[in-house]
Amino acid sequence: MSAKTYQVRTYGCQMNVHDSERLSGLLEDAGYVRAPGDADDADVVVFNTCAVRENADNKLYGNLGHLAPKKASRPGMQIAVGGCLAQKDRDTIVRRAPWVDVVFGTHNIGSLPVLLERARVRQEAQVEIAESLEAFPSTLPTRRESAYAAWVSISVGCNNTCTFCIVPALRGKEKDRRPGDILAEVEALVAEGVTEITLLGQNVNAYGSDIGDREAFSKLLRACGKVEGLERVRFTSPHPRDFTDDVIAAMAETENVMPQLHMPLQSGSDRVLKAMRRSYRQERFLGIIEKVRSAIPDAAISTDIIVGFPGETEEDFEQTLHVVREARFAQAFTFQYSKRPGTPAAEMDGQVPKEAVQARYERLVALQEEISWAENKKQVGRTLEVMVAEGEGRKDGATRRLSGRAPDNRLVHFTRPDEDVPRPGDMATVEVTYAAPHHLLAEGAVLGVRRTRAGDAWERRNAAPEAKPQGVMLGLPTVGVPEPLPAAPGGCTAR
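Within each chain, residues carry numbers counting from 1 in the order of the written sequence. Only residues with pLDDT of at least 70 are given local features in this predicted model, and only at 80 or more are side-chain atom pairs given and counted; all residues enter the totals for whole chains, interfaces and linings. As a rule here, side-chain values cover all heavy atoms of the structure and leave hydrogens and water aside.

Looking at an unreviewed UniProt entry, the chain carries the name tRNA-2-methylthio-N(6)-dimethylallyladenosine synthase, with the source organism given as Streptomyces radiopugnans. If you open the UniProt record of the chain and go to Catalytic activity (unreviewed entry), you find "N(6)-dimethylallyladenosine(37) in tRNA + (sulfur carrier)-SH + AH2 + 2 S-adenosyl-L-methionine = 2-methylsulfanyl-N(6)-dimethylallyladenosine(37) in tRNA + (sulfur carrier)-H + 5'-deoxyadenosine + L-methionine + A + S-adenosyl-L-homocysteine + 2 H(+)". UniProt positions are given in the numbering used here, feature names are shortened, and annotations may be inferred rather than shown by experiment.

Written out as structure tokens, the structure reads:
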């Protein structure tokens, strides 16, 4: 009998992407095989949901409705719903979509295979939502999407109380992993060929608050710098409140920590920041940017901004534009505020009319596009070592180009060499010849190719027939980086 197939559909932030790699690993450890492509005919379809993005519930129930007739015609097919929306809605899901077999939350993703089997045997939906974390996701089996880059979770949960954010209620209070467990996972990943890791947490630089060490995050960055074979270290997402001088020094002084920082602003108005319950003000935020630029002159800084928060006036919005002009972000993920049931902001007076929000949003996007383009133009003429990436350039086939990420995480498209073609994970040295707002071009010949252990790992994965992975069993005591997803407004890793 052929093995049952599965498909995991992921919505939301980087933490969900990380969790989905673990869900895939759990299923493969239980004997399932990944279904090809985006086919709807998998034996098990898992939705890893987000409760932050607008219309998240409508999207979920629309997708579930699409699968209902297919499930009715295929005895034995199972549907599972997990993630933040499942943690929030619980029994509501099986009431609205009674053909769902399993509902599980953010704290018990390791229960999925058992819940699927129990639902099959009992022929009834299994809803199991834990109220606290059962095991760090990184201790579970994994099926990583990338052979050369990996997420490493250092904490889960969040102790902040931002009025627009539902995530702390769904992910719980911050809980930190032990530094030794994190480094053991990093070293094991490097041994497999990974050369880039992204340290992941809802509020990543608050790491240490749960273990009583206020400088734990900067120490962790420095420790990653000592891991032989680890070429690139990134992290997401920090909070301005916890962004201290020791972290800036660690970034500047640790060679493999990349000159890139994602620092969520949310608003430039002190009055709105207070209403958001963000524990910093404009002066503090711009002071951090100034210190980072002084210590790391080439740093590319990105941010998140919410437009139209309840009570936001034109004057408040002008303060946001002022910060954008001063900070000169390389990139900004901009969002129009929308109500999230269960958050204090949803009940606030002064909800801004949709047309006003749209107009402000368009002005902000236009300003940021202008700044992004100007900042990218400064890269023209520079020689960069680019880590070749898989799937970053949608037009690479037609244009005979390859794509990858510069140290500061800018996307670079470059001419594909006729010989010595670099593999994903290899390094290509190129000279930037053109800049657009969201990417750079290197149209001349590649200046050099450095073949790496990461490229070897990619080649091994793609040369051999796909076998059932056994998972990476590390951490407590048993564990890509793809382009970061646009962060949800204030939720998950957008802190």
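Next comes the rest of the description.
What follows deals with the pairing of strand β7 (residues 149-153). Only protein chains enter the accessibility calculation, which uses a 1.4 Å probe. A residue is then buried if its area is under 20% of the maximum for its type, exposed if over 50%, and partly exposed in between. What counts as a helix is a DSSP run of H or I of at least four residues, what counts as a strand is a run of E of at least two, and both are numbered from the N terminus. Within β7, five of the five residues are buried, which leaves it mostly tucked inside the rest of the structure. Residues of β7 alternate between two faces, with Ala149, Trp151 and Ser153 on one and Ala150 and Val152 on the opposite face, all of them buried. Here, a strand pair is defined by DSSP locating no fewer than two bridges between the strands. Pairing geometry for β7 and strand β10 (residues 196-200), over five bridges, is parallel. By the bridge assignment for β10, Trp151 is matched with Thr198.

Membership of the largest hydrophobic core comes to 89 residues, with the highest contact counts inside it found for Leu199, Leu221 and Phe243. Residues Val8, Leu26, Val46 and Leu140 belong to the second largest nonpolar core, which totals 17 residues. In this description, a nonpolar core means a group of buried Ala, Val, Leu, Ile, Met, Phe, Trp, Tyr and Cys residues linked to one another through side-chain atoms lying within 4.5 Å.

Of note, the bond from Thr236 into Ser237 is cis; its omega dihedral lies within 30 degrees of zero at -15°. Mapped onto the elements of the fold, Ser237 is located in the loop between β11 (232-236) and α9 (245-253). Positive phi outside glycine occurs at Arg90, with the angle close to 50°. In this fold, Arg90 is placed in the loop between α3 (84-89) and α4 (91-96). Arg90 sits in the partly exposed class, given a relative accessible area of 28%. Backbone geometry places Gln123, a non-glycine residue, at a positive phi of 60°. When you line up the elements, Gln123 lands in the loop between α5 (112-122) and β6 (126-128).

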